[in-house]
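Reading the structure
Here are the chains, one letter per residue:
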Amino acid sequence: MHDLRAIRAEPAAFDAAMARRGLDPVTPDLLARDAERRAALAAAQAAQARRNALAREIGQGKRAGADTAAMEAEATALRAATEAQESRAAALDAAVRARLETLPNILDAAVPDGADERANQVLAEHGAKPDFAFAPKQHFELGEALGLMDFATAARLAGTRFVVLKGALARLERALGQFMLDLHTASHLYTEMVVPSLVNDAAVHGTAQLPKFAEDLFRTTDGRWLIPTAEVPLTNSVAGQTLDPAALPLRLTALTDCYRSEAGAAGRDTRGMLRQHQFRKVELVSICAPEASEAEHERMTGCAEAVLTALGLTFRRVLLCAGDTGFGAARTYDLEVWLPGQGAWREISSCSNCRDFQARRMGARLRGAEGLGFVHTLNGSGVAVGRALIAVLETYQQADGSIRVPAVLAPYMGGLERIG
């Protein structure tokens, strides 16, 4: 959500910011409606002031025995006029707000221009790509050959884009999630939370999935939404609150199932586990003061990188360009992991600074020396468990089709060193 007063003050700057997002100028229509709204409010207030004056005159006239019929008729007409103007102002206010809700966040100046992922900037690469003496396989080839990754059963149970993991692979998936939570809580000082997987309209609206991305979500018959990420309940845990600066930053984490319809990904990544309707992810959320959010963004991304480093995976940090940055983000770093079986870099974490964009939608305020402001919110994957499993399988595969277990996961695997 945007500050309408700031748009009024600098409409050209706002249109320039939206142009970086590929949008045509929005302020002419937006500010015209806003001007109509303010004019309707002014007319309603003027009519109400006249009604108040008439009420006094009518009272005085009646006490003096005068004929007040004409004044009473005028007061009745003014009441109708006031209600009509207030109704018009309310309708225009709703229209302006609805339009603002469709406009993406203003990009940070450091975000490179560009229409799509081809303009993203690789900032750093960590680790050497593994060198195999054999042709590496993709994760689903490895998992199915081991008899521990079952897409056919999942399809019978739920349809496409689901998987059933068995035995040691199921335990490896669980181990990854537990390892990440332990790292983020013990070393990175995030507070672990258990949150609902079902949320209401207000929660999904607060983090900007609604109204724009409704088709990417699953909705229940009673009007709730399955969370696409724990970002939604974690961030909304401060909705409607006024926070004390001394209590910040709040750093929250949760391991949850996530649900996405993948409506915009028809035909993409249909093989394997890369793009599923249900997956598990460790989410990182920070609530902080505005002046701290840039440093918090770097810190959060470093926390996600620590997971990949500990797992011995090859990865790189990428700064997303204007056309690839998400709707609610001002700046986003993607972490892309190298998948030897695919021979490609694939996103495994996305860490975004949303600044006050979500806070305005949620009403999450900050008490400061100059009055009330808004907190800044950040979110990131710390990391996607299913994609980490894919990366481990493809990185640690052996010539005989077995999988070596990363040393950092051994305590969570009962000492198992190899899956085969």
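Whatever comes next refers back to the structure up there.
We now turn to the structure provided with this report. No experiment lies behind these values; they were computed from the predicted model shown. (Residues numbered from 1 in each chain as written. Predicted model: local features only at pLDDT ≥ 70, side-chain atom pairs only at ≥ 80, totals over all residues. Heavy atoms only, no water.)

With that out of the way, let us pick up the overall build of the chain. The number of helices and strands found in the chain is twelve helices and 17 strands. The C-alpha radius of gyration computed for the chain amounts to 27 Å, which surpasses the reference 22 Å derived for 420 residues by more than 25%, pointing to a less compact arrangement than a globule. Principal-axis analysis of the C-alpha atoms gives the chain an extent of 105 × 45 × 40 Å. Across the 420 residues of the chain, 47% fall into the buried class. In the chain, the proportion of contacts linking residues at least 24 apart, taken out of those at least 6 apart, comes to 72%. Total accessible area on the chain is roughly 19,100 Å²; 51% of this is exposed by carbon and sulfur atoms. In the chain, which carries 47 positive and 51 negative side-chain charges, the distance between the mean positions of the two groups comes to 3 Å. (Helix = DSSP H or I, 4+ residues; strand = E, 2+ residues; numbered from the N terminus. Rg over C-alpha atoms; globule rule 2.2 N^0.38 Å. Buried < 20%, exposed > 50% of the residue type's maximum accessible area, 1.4 Å probe, protein only. Contact = heavy atoms within 4.5 Å. Areas by Shrake-Rupley, 256 points an atom, 1.4 Å probe, with all protein chains shown as cover. Lys, Arg positive; Asp, Glu negative; His and termini not counted. Charge placed at Lys NZ, Arg CZ, Asp CG, Glu CD.)

Here the focus is the nonpolar core. Of all hydrophobic cores here, the largest spans 48 residues; its most connected members are Leu-172, Leu-176 and Met-180. Looking at this core, the elements with two or more residues in it are α5 (139-146), α7 (167-186), β9 (278-288), α10 (293-310), β11 (331-339), β12 (344-355), β15 (376-384) and α12 (385-395). For this core, the element with the most residues is α7, which contributes eight residues. Those residues within four positions of Met-180 in sequence are excluded, and the remaining contacts are Val-282, Val-307, Gly-382, Val-383, Val-385 and Ala-388. Judged by nonpolar contacts, the second largest core, of 17 residues, contains Leu-234, Ala-254, Ile-287 and Leu-366. (Core = buried A, V, L, I, M, F, W, Y, C linked by side-chain atoms within 4.5 Å.)

Moving on to the pairing of β12. Strand direction decides the pairing type here: β11 and β12, joined by nine bridges, are antiparallel. In the sheet register, Glu-336 faces β12, and the bridge partner there is Glu-347. Here β11 hands over to β12 after four residues, with Gly-343 in that stretch at a positive phi of 65°. The pairing of β12 with β15 spans four bridges and is antiparallel. Counterpart to Arg-355 in the pairing with β15 is Thr-377. (Pairing = 2+ DSSP bridges.)

Pairing is mixed in the open sheet, where three strands are placed in the order β7-β13-β14. Each of the sheet's edge strands pairs with one partner strand only, and the pair in question is β7 (242-243) and β14 (371-374). One ladder, built from four bridges, connects strand β13 (residues 365-368) with β14; its direction is antiparallel. Directly across from Gly-368, in β14, lies its bridge partner Gly-371.

In the contact formed by helix α2 (residues 11-19) and helix α3 (residues 27-63), the axes pass within 10 Å of each other and the chain directions differ by 135°. With respect to their mutual orientation, α2 and α3 come out oblique. For the pair formed by α2 and α3, the contact residues are Pro-11, Phe-14 and Asp-15 on the first element and Thr-27, Pro-28 and Leu-31 on the second. The residue makeup of the contact of α2 with α3, split by class, is four nonpolar, one polar and one charged. (Axes fitted to C-alpha atoms, helices over the stretch in contact; angles between N-to-C directions. Parallel < 35°, antiparallel > 145°, perpendicular 65-115°, else oblique. Nonpolar A, V, L, I, M, F, W, Y, C, P; charged D, E, K, R; others polar.)

Further remarks concern α2. Taken as a whole, α2 has its buried residues at Phe-14, Asp-15, Ala-17 and Met-18. All buried residues of α2 project into a common sector of 155° when viewed along the axis, lining one side. (Arc of directions from axis to C-beta.)

The next thing to look at is the sheet that holds strand β8 (residues 250-259). Taken together, eight strands build an open sheet; the order of strands is β1-β10-β11-β12-β15-β9-β8-β4 and the sheet is mixed. In this open sheet, the two strands that pair with only one neighbour each are β1 (121-126) and β4 (191-192). Both β8 and β9 contribute to a ladder of ten bridges, which runs antiparallel. Directly across from Thr-253, in β9, lies its bridge partner Leu-284. Helix-sheet contacts for α10 involve β1, β8, β9, β10 (315-319), β11, β12 and β15, and the interaxial angle to β15 is about 5°. Set on the sheet, α12 makes contact with β8, β9, β11, β12 and β15; between it and β15 the angle comes to about 35°.

Here the focus is the packing of aromatic side chains. Throughout the structure, instances matching the rule amount to five aromatic pairs. Ring geometry for Phe-179 versus Tyr-412: centroids 6.4 Å apart, planes at 70°, classification edge-to-face. Remark: Tyr-412 occurs in the loop between β16 (403-404) and β17 (418-419) and Phe-179 occurs in helix α7; sequence separation between them is 233 residues. Both residues of the pair, Phe-179 and Tyr-412, count as buried. (Phe/Tyr/Trp six-rings, centres within 6.5 Å; stacked < 30°, edge-to-face > 60°.)

Within the secondary structure, Asn-353 sits in strand β12. Taking relative accessible area as the criterion, Asn-353 reaches 1% and is therefore assigned buried. There is a polar contact of 3.0 Å between the side chain of Asn-353 and the side chain of Glu-294. (Polar contact = N/O pair within 3.5 Å; in protein donor to acceptor, adjacent residues only side chain to side chain.)

This part takes up α10. With 18 residues, α10 extends 26 Å between its outermost C-alpha atoms, agreeing within 8% with the 26 Å of an ideal straight helix rising 1.5 Å per residue. If you check which residues of α10 are buried, you get Ser-293, Glu-296, His-297, Met-300, Thr-301, Cys-303, Ala-304, Glu-305, Val-307 and Leu-308. Immediately downstream of α10, the backbone of Gly-312 shows phi near 70°, a positive value. (Expected span 1.5 Å × (residues − 1).)

Another point: the state of the cysteines. All chains considered together, the criterion is met by zero disulfides. You can see Cys-288 has no disulfide; the closest cysteine sulfur is in Cys-354, sitting 11 Å from it. According to the relative accessible area criterion, Cys-288 is buried, its value standing at 1%. Lacking any disulfide linkage, Cys-351 is separated from the closest cysteine sulfur, that of Cys-303, by 8.7 Å. (Disulfide = S-S within 2.5 Å.)

Purely spatial values, then, with no claim about function.
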